[in-house]
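Per-entry structural report
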Amino acid sequence: MEIFLDLTGKVLAQSLADLSLLDAHGWSLWVSVNLDPRSVSEGCVTCLEEMIAQSTVDPSRITLEILEGDNFLEQQKALDHLREIKALGVRLALDDVGSAYSSLLRLKDLPIDEIKLDQGFIRFLEQRPQDLHFVGAIQDLAAGMGVDLVVEGVETEDILDAIIVTGAQFLQGYAIAKPMPLSELQAFLQRPPCHGRPHPTSLLGFYAKQIAAHNALKKAMLHTPHLIDYVAVADATICPGHNHIRRLGIGDHKRLERLHQEYHQSIAAMGERSISSPNNGDWSDVDSAENAFEQAIIGAYWYKKMEDGNPACEAEKPT
């Protein structure tokens, strides 16, 4: 309880006061506050209950973020207290998911509403774009658990583009806004929102789009192969990716267009085989074509970044 009162309690009290002030100006926001797992106790529950009773803020607008890697959460008493906190109407989030080992059974047992993907998987996407496969897996996990996913570490415009393309709804990072005091936040909220940009806006975003589209199409082919028009699938010019290749101003667009077409032809052929021979599960041709196309997108992305004077991608230059 002392840990809660000394730090988390003070932060939460100030946050609730700030939310009430923002409410008066017509900005109905919510707040997330870090909660040290060691402070999860009966005293913590009592303190929270008192703070909520004294505030005009609906408790559903409060999210308490608990660090993922603490073994304290495996204790039954801690789980019981978390359920008591949740019963107050407060949302619970598991922070830094992926930064430490945790079993799926443990995630299943925690009464959480939200998981936050550790920023280590996001901040370096420009150097390790293949980590987007992991992002997709965590999105599927969150969807299967029925919880929200917050993606942390969105620090650049290209990463922002890529994460938006994945369909993630909750993002956090400098590409959106830096930490700011309340006065600056009020000014920030008064600015008109930036909407209307077509995504993807970058080759990294296009790479993310291709991964998502391929995974969705493969799932559909595995579950309902007879419902897909494989004649249309075989024509890459019908795919939105064809327009993305040209719109994004890629120098060697002919090579990408060729690999794009080969990918579409291979996956259409696989679909037709799956109908005529349902037991044929050999996706090697598709995997090869998909990998060649993805690597070409990333190669073009890195070359473009180097041309723009970004040395961070120099070490990743394809040979």
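Structure: above.
In this report, we go over the structure that sits alongside the text. (Residues numbered from 1 in each chain as written. Predicted model: local features only at pLDDT ≥ 70, side-chain atom pairs only at ≥ 80, totals over all residues. Heavy atoms only, no water.)

**Concerning the packing of aromatic side chains**
- Summed over all chains, the structure comprises 3 aromatic pairs.
- For the ring pair phenylalanine 121 and phenylalanine 134, a centre distance of 4.2 Å and an interplane angle of 15° mean the geometry is stacked. Note that phenylalanine 121 is positioned in the loop between β4 (114–117) and α5 (132–145) and phenylalanine 134 in helix α5, a separation of 13 residues in sequence.
- Their ring planes at 80° and their centres at 6.1 Å tell us that phenylalanine 206 and phenylalanine 293 sit as a pair that is edge-to-face. Of this pair, phenylalanine 206 sits in helix α8 (residues 203–223) while phenylalanine 293 is found in helix α12 (residues 284–307), placing the two residues 87 residues apart along the sequence.
- The exposure class assigned to phenylalanine 206 is buried, which follows from its relative accessible area of 1%.
- A network of ring pairs unites the aromatic residues Phe206, Tyr263 and Phe293 as a single cluster.
- Sitting over the ring of tryptophan 283, lysine 218 keeps its end group 4.8 Å from the ring centre. (Phe/Tyr/Trp six-rings, centres within 6.5 Å; stacked < 30°, edge-to-face > 60°. Helix = DSSP H or I, 4+ residues; strand = E, 2+ residues; numbered from the N terminus. Buried < 20%, exposed > 50% of the residue type's maximum accessible area, 1.4 Å probe, protein only. Lys NZ or Arg CZ within 6 Å of the ring centre and 35° of its normal.)

**Quick notes on the sheet that holds strand β1 (residues 31–35)**
- Pairing within the open sheet is parallel, and its 6 strands lie in the order β1-β2-β3-β4-β5-β6. Edge positions in the open sheet fall to β1 and β6 (170–171), since each of these has one partner strand only.
- In this structure, β4 lies alongside strand β5 (residues 148–151), joined through 4 bridges in parallel fashion. The residue bridging glutamate 114 from the neighbouring strand is aspartate 148, located in β5. (Pairing = 2+ DSSP bridges.)

**Overview of the pattern of salt bridges**
- Under the definition given, this model contains 15 salt bridges.
- Across the pair lysine 116 and glutamate 65 runs a salt bridge whose closest N-O atoms are separated by 2.9 Å. Pair noted here: lysine 116 is in strand β4 and glutamate 65 is in strand β2 (residues 62–67), with a separation of 51 residues, a long-range link.
- The buried category is assigned to lysine 116, whose relative accessible area is 3%.
- Residue glutamate 65 is classed as buried on the basis of its relative accessible area, which comes to 7%.
- The salt bridge involving arginine 123 is made with glutamate 155; its shortest N-O contact spans 3.9 Å. Linking arginine 123 in the loop between β4 and α5 with glutamate 155 in the loop between β5 and α6 (157–165), this pair joins segments that are 32 residues apart in sequence. (Salt bridge = Lys/Arg side-chain N within 4 Å of Asp/Glu carboxyl O.)

**As for the nonpolar core**
- Among the nonpolar cores identified, the biggest contains 65 residues, and Leu64, Ile85, Ile115, Ile122 and Ile163 are the most heavily contacted of them.
- At 7 residues, α12 tops the list of elements feeding residues into this core.
- Aside from chain neighbours lying at most four places away, what touches isoleucine 115 is Leu94, Val97, Ile138, Ala142, Val147, Asp148, Leu149 and Val150.
- Counting 11 residues, the second-largest nonpolar core is a separate cluster that includes Met221, Val233, Ile267 and Val286. (Core = buried A, V, L, I, M, F, W, Y, C linked by side-chain atoms within 4.5 Å. Contact = heavy atoms within 4.5 Å.)

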